[in-house]
Each structure stands twice: as structure tokens, then as C-alpha cells.
Amino acid sequence: MTQYRPSELAQLIITTVEALTPDEQVAEGDGFTVRVGFPDDDGAQGSRVAYLMLDSSAPTQRRNLTTSRQHDTTATLVIRYPTHAWARAMDDGALIADALRAMQLSNDLEVYDTPIPQVLPVGDELLDVVITAGIGYTYSGATQ
């Protein structure tokens, strides 16, 4: 079974999302960029910039890590769009959610709890697409 460090799992998610081609490109070469963290401004960096956060569950705290069992994390991706791009936002969210679900087929992961992406207003002119996925993986680098 493939084993991952948390940073390797994050890089796998980043690589998976950045490899996607949006259904409707605004310009040639239009694609996704993933950054670690949360959007802290008004979306001035443009649409299709996804912010990735990995939240570890209690069993993945360092004192409990072993290579003998699965660990779980929740990956959350947030992409900020102008409200006039709501259809593109919804399509992009579905594309990313499908790609996260498909990761388990080729990467020895369990991807679960991946609901339909949420589209949430952020003020009058912006909206966030929020995509979550539970991911079970075998931790690499444990001492036991």
C-alpha cells in the first residue's frame, strides 16, 4: 500500500487539480492554480485560484501516527469567483470534486464524503465555491 506524508498528500491534490482543464476556458491556457491556505483578500488574484487546507482528524496527531493503519484528513478547496461567473464556478467545482473522487483509483487512497460543492456568497460581488473530501491514507514516516 502506498504511504504518504501529509505534505505528499497535499502535493498530490495540488497536482491533480492543476492538471485539470476547465470545461469552458476564458482564454487559452486558462486553468487552475492551487495555493495552500485560505483566501484572505477580495479575490483580486483572479478566478480559478484554489486554496487548499488539510484538516487532520484526532487519530492523525503525531503521537498516534503508525504505518499500520489508515489515517484520515479532510481536504477543503476554496475558489473565489465574481458573482457574474456563477455558472463557471459551479461547473469548476463539479470538475474538481470528480477529480478528487477519481484520485483513489490510481493513488491507493480512500476518498469519501465528497458532497456536491457549495457555492456561497461573499459580499455582493463575490462567491466562494467550497469543495470538501474526506481522504483516508496510510501515513509514511511513522516511528512504529
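About the thresholds
- Residues numbered from 1 in each chain as written.
- Predicted model: local features only at pLDDT ≥ 70, side-chain atom pairs only at ≥ 80, totals over all residues.
- Heavy atoms only, no water.
- Helix = DSSP H or I, 4+ residues; strand = E, 2+ residues; numbered from the N terminus.
- Buried < 20%, exposed > 50% of the residue type's maximum accessible area, 1.4 Å probe, protein only.
- Contact = heavy atoms within 4.5 Å.
- Areas by Shrake-Rupley, 256 points an atom, 1.4 Å probe, with all protein chains shown as cover.
- Phe/Tyr/Trp six-rings, centres within 6.5 Å; stacked < 30°, edge-to-face > 60°.
- Lys NZ or Arg CZ within 6 Å of the ring centre and 35° of its normal.
- Expected span 1.5 Å × (residues − 1).
- Bend = angle between axes of the 7 residues up to and from the residue.
- Core = buried A, V, L, I, M, F, W, Y, C linked by side-chain atoms within 4.5 Å.
- Polar contact = N/O pair within 3.5 Å; in protein donor to acceptor, adjacent residues only side chain to side chain.
- Salt bridge = Lys/Arg side-chain N within 4 Å of Asp/Glu carboxyl O.

Undergrad: An account of the overall build of the protein chain is needed here, citing residue identities and associated values.
TA: Regarding its fold elements, the protein chain presents two helices and seven strands. Reading the protein chain from its N terminus to its C terminus gives the helix and strand order β-α-β-β-β-α-β-β-β. A buried classification covers 42% of the 144 residues belonging to the protein chain. In the protein chain, the share of contacts with a sequence separation of at least 24, taken over all contacts with a separation of at least 6, comes to 64%. As presented, the protein chain carries roughly 7,800 Å² of accessible surface, and 50% of it is formed by carbon and sulfur atoms.

Undergrad: Account for the packing of aromatic side chains, naming residues and giving values.
TA: Here the distance between the centres and the angle between the planes together describe a pair of aromatic rings. In this structure the tally under the stated criterion is zero aromatic pairs. Here the basic side chain of Arg 48 rests over the ring of Phe 32, its NZ or CZ set 5.8 Å away from the ring centre.

Undergrad: Break down helix H2 (residues 86-107) for me, citing the residues and quoting the values.
TA: Over its 22 residues, H2 extends 32 Å from the first C-alpha to the last, a length consistent with the 32 Å expected when each residue adds 1.5 Å. The largest bend along H2 reaches roughly 25° and is located at Arg 101. Of the positions making up H2, those classed as buried are Arg 88, Ala 89, Asp 92, Gly 93, Leu 95, Ile 96, Ala 97, Ala 99, Leu 100, Met 103 and Asn 107. Packing partners of the buried residues in H2 comprise strand S1 (3-4), helix H1 (6-18), strand S4 (70-82), strand S5 (110-112) and strand S7 (126-139).

Undergrad: Give me the lowdown on the nonpolar core, citing residues and values where you can.
TA: Core analysis: the biggest nonpolar cluster contains 33 residues, and Ile 13, Leu 77, Ile 96 and Ile 135 have the highest contact counts within it. Those elements that place two or more of their residues in this core are H1, strand S3 (49-56), S4, H2 and S7. Not counting residues up to four positions away in its chain, the partners in contact with Leu 77 are Ile 13, Val 17, Val 34, Ala 50, Tyr 51, Leu 52, Ile 96, Leu 100, Val 129, Val 130 and Ile 131.

Undergrad: Provide a residue-level description of the side chain of Asp 128, including the pertinent values.
TA: Mapped onto the elements, Asp 128 comes out in strand S7. Within polar-contact distance, the side chain of Asp 128 engages the side chain of Arg 80 at 2.7 Å. Apart from residues no more than four positions distant in its own chain, Asp 128 is found in contact with Val 78, Ile 79, Arg 80, Gln 118, Val 119, Leu 120 and Val 122.

Undergrad: How would you explain the side chain of Thr 73 if you had to name every residue and give the values?
TA: Residue position: Thr 73 is located in strand S4. The buried category is assigned to Thr 73, whose relative accessible area is 4%.

Undergrad: How would you explain the pattern of salt bridges if you had to name every residue and give the values?
TA: In total, this model carries four salt bridges according to the counting rule given. Where Asp 30 meets Arg 48, a salt bridge forms, and the shortest distance between an N and an O atom there is 2.0 Å. Taken as a pair, Asp 30 in the loop between H1 and strand S2 (33-36) and Arg 48 in the loop between S2 and S3 lie far apart in primary sequence, 18 residues in all. Members of the salt-bridge network, linked through shared partners, are Asp 30, Arg 48 and Asp 92.

Undergrad: Give a detailed account of the environment of Gln 104, specifying residues and quantitative values.
TA: Topologically, Gln 104 is positioned in helix H2. For Gln 104, a relative accessible area of 30% gives the class partly exposed. Considered as a pair, Gln 104 and Ile 135 are 31 residues apart in the sequence and their alpha carbons are 8.8 Å apart. Those residues in contact with Gln 104 that sit more than four places away from it in its chain are Leu 109, Glu 110 and Val 111.

Undergrad: So what's going on with unusual backbone geometry? Which residues, and what values?
TA: Phi angles above zero are rare outside glycine, and Asp 108 is one such case at about 60°. When you line up the elements, Asp 108 lands in the loop between H2 and S5. Judged by relative accessible area, which is 32%, Asp 108 ranks as partly exposed. A positive phi is found at Asp 113, a non-glycine position, where the angle reads about 50°. Assignment of secondary structure puts Asp 113 in the loop between S5 and strand S6 (118-122).

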